[in-house]
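Structural description and commentary
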Amino acid sequence: MDKIHKNFEGDIEKEQKLIVPEFVDLTLLDYGEEGLAKQISEAEDLSYIPKEILETADFDTTFKWPEKLPEGFIPEKIMEEGKNPGLGIYKLHEQGITGRGVTVAIIDFRISETHSEFKDNIISNKDYDLSEEDDLTEISMHGPSVASLLVGKNCGVAPEAKLFYACKSELDDAYMGQAKALYDMIEYNKTHDEKIRIVSVSKGDMGSEEIPGLKEWHEAKKEAHKSGIIVIDSNYFGNHSMNGGGAKEDKEDFDNYNEAIFQKSRYESILKEFSLMDEKSKKYKIYKNYIDNTTNNNQIIVPSDYRTMASRKGDKEYVYNAKGGLSWAIPYYAGVFALALQVNPDLTNERFLEIVKETAGKTKKGLKVINPEGIIKEVKKMVEEEK
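Residues numbered from 1 in each chain as written. Predicted model: local features only at pLDDT ≥ 70, side-chain atom pairs only at ≥ 80, totals over all residues. Heavy atoms only, no water.

**A look at the overall build of the chain**
The number of helices and strands found in the chain is 11 helices and 16 strands. Within the chain, the fraction of its 387 residues that count as buried is 54%. In the chain, 74% of the contacts between residues at least 6 apart in sequence involve partners at least 24 apart. Total accessible area on the chain is roughly 18,100 Å²; 46% of this is exposed by carbon and sulfur atoms. (Helix = DSSP H or I, 4+ residues; strand = E, 2+ residues; numbered from the N terminus. Buried < 20%, exposed > 50% of the residue type's maximum accessible area, 1.4 Å probe, protein only. Contact = heavy atoms within 4.5 Å. Areas by Shrake-Rupley, 256 points an atom, 1.4 Å probe, with all protein chains shown as cover.)

**Structural notes on the packing of helix H10 (residues 349-359) against helix H11 (residues 372-386)**
Relative to each other, H10 and H11 sit at 125 degrees, their axes nearing to 9 Å. In terms of axis orientation, H10 runs oblique to H11. The handedness of the crossing between H10 and H11 comes out as right-handed. Of H11, the residues touching H10 (which contributes Arg351, Phe352, Ile355, Val356 and Thr359) are Gly374, Ile375, Glu378, Val379 and Met382. Each residue belonging to the contact of H10 with H11 can be placed in one class, and the counts come to 6 nonpolar, 2 polar and 2 charged. (Axes fitted to C-alpha atoms, helices over the stretch in contact; angles between N-to-C directions. Parallel < 35°, antiparallel > 145°, perpendicular 65-115°, else oblique. Left-handed = near helix turned anticlockwise from the far one by under 90°. Nonpolar A, V, L, I, M, F, W, Y, C, P; charged D, E, K, R; others polar.)

**Considering a negative patch on the surface**
A contiguous patch of negative charge on the surface is contributed by Glu249, Asp250, Glu252, Asp253, Asp255 and Glu373. For glutamate 373, a relative accessible area of 31% gives the class partly exposed. (Patch = residues over 30% accessible without salt bridge, like charges linked within 9 Å, V, L, I, M, F, W, Y side chains within 5 Å. Salt bridge = Lys/Arg side-chain N within 4 Å of Asp/Glu carboxyl O. Lys, Arg positive; Asp, Glu negative; His and termini not counted. Charge placed at Lys NZ, Arg CZ, Asp CG, Glu CD.)

**Observations regarding the nonpolar core**
Ranked by internal contacts, the top residues of the largest apolar core, which has 59 residues, are Val104, Ile232, Phe237, Tyr333, Leu347, Phe352 and Ile370. Looking at this core element by element, the count peaks at 12 residues for helix H9 (residues 326-343). Apart from the residues within four sequence positions on either side, leucine 347 is in contact with Arg197, Phe337, Ala340, Leu341, Phe352, Ile355, Val379 and Met382. The next biggest cluster of nonpolar side chains, apart from the first, holds 21 residues, and it includes Ile186, Tyr188, Val201 and Ile229. (Core = buried A, V, L, I, M, F, W, Y, C linked by side-chain atoms within 4.5 Å.)

**Observations concerning the pairing of strand S5 (residues 162-167)**
Among the 6 residues in S5, 5 count as buried, and that is most of the element. By the bridge criterion, 6 bridges tie strand S3 (residues 103-108) to S5 in an arrangement that is parallel. Bridged to threonine 103 within S5 is lysine 162. Two strands pair when backbone bridges link them, and strand S4 (residues 122-127) and S5 are joined in this way by 5 bridges, in the parallel orientation. Residue pairing for S5: serine 124 is matched across the bridge by phenylalanine 164. (Pairing = 2+ DSSP bridges.)

**Observations regarding the sheet that holds S3**
The strands making up a sheet are joined through hydrogen bonds of the backbone, oriented either antiparallel or parallel. One open sheet holds the 5 strands; their spatial order is S4-S5-S3-S6-S7, and the pairing between them is parallel. Every interior strand has two partners, whereas the edge strands, S4 and strand S7 (230-232), have only one. Strand-to-strand twist in this sheet, taken as the mean axis angle between neighbours without regard to direction, amounts to 20 degrees. Its contacts with the sheet place helix H5 (residues 142-151) against S3, S5 and strand S6 (196-200), and it is angled at close to 160 degrees to S3.

**Some details on the side chain of aspartate 233**
For aspartate 233, the location among the structural elements is in the loop between S7 and helix H8 (234-239). For aspartate 233, the side chain forms a polar contact with the side chain of lysine 221, separated by 2.9 Å. In terms of polar contacts, aspartate 233 uses its side chain to reach the backbone amide nitrogen of asparagine 235, at 3.2 Å. If sequence neighbours within four positions are ignored, aspartate 233 has contacts with Val201, Lys203, Asp205, Lys221 and Ile330. (Polar contact = N/O pair within 3.5 Å; in protein donor to acceptor, adjacent residues only side chain to side chain.)

**Things to note about the packing of aromatic side chains**
All told, the structure shown has 9 aromatic pairs when counted by the stated rule. Ring centres of phenylalanine 63 and tryptophan 65 lie 4.7 Å apart, and the angle between their planes is 75 degrees; this geometry places the pair in the edge-to-face category. Of the two residues, phenylalanine 63 and tryptophan 65, both sit in the buried class. Centroid distance tryptophan 65 to phenylalanine 73: 5.1 Å. Interplanar angle 70 degrees. Geometry classified as edge-to-face. Of the two residues, tryptophan 65 and phenylalanine 73, both sit in the buried class. Aromatic rings pair up to connect Phe59, Phe63, Trp65, Phe73 and Tyr320 into one cluster. Across the ring face of tyrosine 318, the terminal group of lysine 83 is positioned such that the distance to the ring centre comes to 4.1 Å. A cation sits over an aromatic face here: lysine 203 above tyrosine 175, 4.2 Å from the ring centre. (Phe/Tyr/Trp six-rings, centres within 6.5 Å; stacked < 30°, edge-to-face > 60°. Lys NZ or Arg CZ within 6 Å of the ring centre and 35° of its normal.)

Written as structure tokens, this is what we have:
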């Protein structure tokens, strides 16, 4: 039995157990979430639970933790450290490379434009092709997250970039709304000096063009490209060998990065079982089946895991996600591109992609990781050579 199980005694099969999903979402309790999340919220003592379990939970700043927690598990510290984009981004900000003078756009779900993370960045916040069934008062969990990861003043890669935000429907594929938003951005650029350069869309467009609006979305992307707007979505990531990933600790060190938790090649299955029911015995056991089949080493990891971002629950609230996805990696990448465009406004998508691949860091495991500092160094060199 390994160290994490050293306090286990007794017959686990005779105990009443809770089956814990791969990750526990503690942010949904206000929607009547039952089971483990509810019991954690009501527990008086969680100190006997291995901190490794709680470190994989999604939680926000409204969640009330009991006083007794596992040794070394400090939710406030995790929440604060998760705000750091890592990989030298804060160092670039200190040099004045913050996305200033660059306008980016996001097509996603409803946000509160008064959230402290991005309220000063928004230059437009419009609805596009919403359904009659859309709740016009409900803030999504997704929109505030992607906005803060791109331009957030604490969480964002490009905290001084201007943001054109397009709200699409949550009730269907919303491709028609995306297309209308993109055409609107093309028109916007015709009458504004500070043009939209990048559009972050945390979604792909796979499937038949029989899907309503998908053909129009494909055409809109072509027109956007012709006009000089770069659309970054999951198709872009797939076409250029980008993927998610993250570092649980010390986000500045390439060697701490692993491929995305959501990748099946990394976790074939994780089943964690332990008892919260018997407070007297305080017994637990973890069953873990970890498969480390490293992803394609030609792919470049862009941070998506172990991140803190703006929460839908209030204008000063945050949420921590241990398990991210391409939805979080896409605005990160878009933010790095915005920093590069601040240094060189004439930078093309093709040249940026070349620089991303040329400068990628490498872990001891052979995984490639995006290197924002290396990218900016190369872009500066490019500017100097062109003088």
